[in-house]
Amino acid sequence: MSRLVELEANGPRKLDADDVDEQKGDVAICQCGLAETFPFCDGSHRQTRDEAPDQRYVYDEDGTRAVVDRIVSDEESD
Ligand code: FES
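Residues numbered from 1 in each chain as written. Predicted model: local features only at pLDDT ≥ 70, side-chain atom pairs only at ≥ 80, totals over all residues. Heavy atoms only, no water.

**Some points on the nonpolar core**
To be explicit about the condition: Think of a nonpolar core as a cluster: buried Ala, Val, Leu, Ile, Met, Phe, Trp, Tyr and Cys residues, connected wherever their side-chain atoms sit within 4.5 Å. Only protein chains enter the area calculation, which uses a 1.4 Å probe; residues under 20% of their type maximum are buried, those over 50% are exposed, and those in between are partly exposed. Contact criterion: two residues are considered in contact whenever any of their non-hydrogen atoms come within 4.5 Å of each other.
Ranked by size, the top nonpolar core spans six residues in total: Cys30, Cys32, Leu34, Ala35, Tyr57 and Tyr59. Filtering out sequence-adjacent residues up to four positions away, cysteine 32 remains in contact with Arg3, Val5 and His45.

**Things to note about the confidence of the model for the chain**
To keep it simple, the criterion reads: pLDDT measures the predictor's confidence residue by residue and takes values from 0 up to 100. Strands here are runs of E lasting at least two residues and helices are runs of H or I lasting at least four, both read from the DSSP assignment and numbered beginning at the N terminus.
Of all residues in the chain, 97% have pLDDT values of 70 or greater, and the mean over the chain is 92. Mean pLDDT per element in the chain: helix α1 (residues 74-77) is the minimum at 77, and strand β3 (residues 65-67) is the maximum at 95.

**Some remarks on unusual backbone geometry**
Geometrically, the link from phenylalanine 38 to proline 39 is a cis peptide bond, its omega value of 15° lying close to zero. With respect to the helices and strands, proline 39 occurs in the loop between β1 (2-4) and β2 (56-59).

Here's what the structure looks like:
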């Protein structure tokens, strides 16, 4: 499985001591791309648990998931 994710940042997010979870004592970085608290994990990755290994997905802002067959660039569509 893979996921299409839109990100707007164009630079790094530097972590500091305030980013450490006081209760858990760690910093959880989102790797699924779905966290509303990106770059930090907020548990949104649970939505991906039933993704099929051979599919590509895109998620809307409301969490609605769709399967994407193919990505077409503007240059290809002309
Ligand atoms: S890994 Fe993305 S929300 Fe947890």
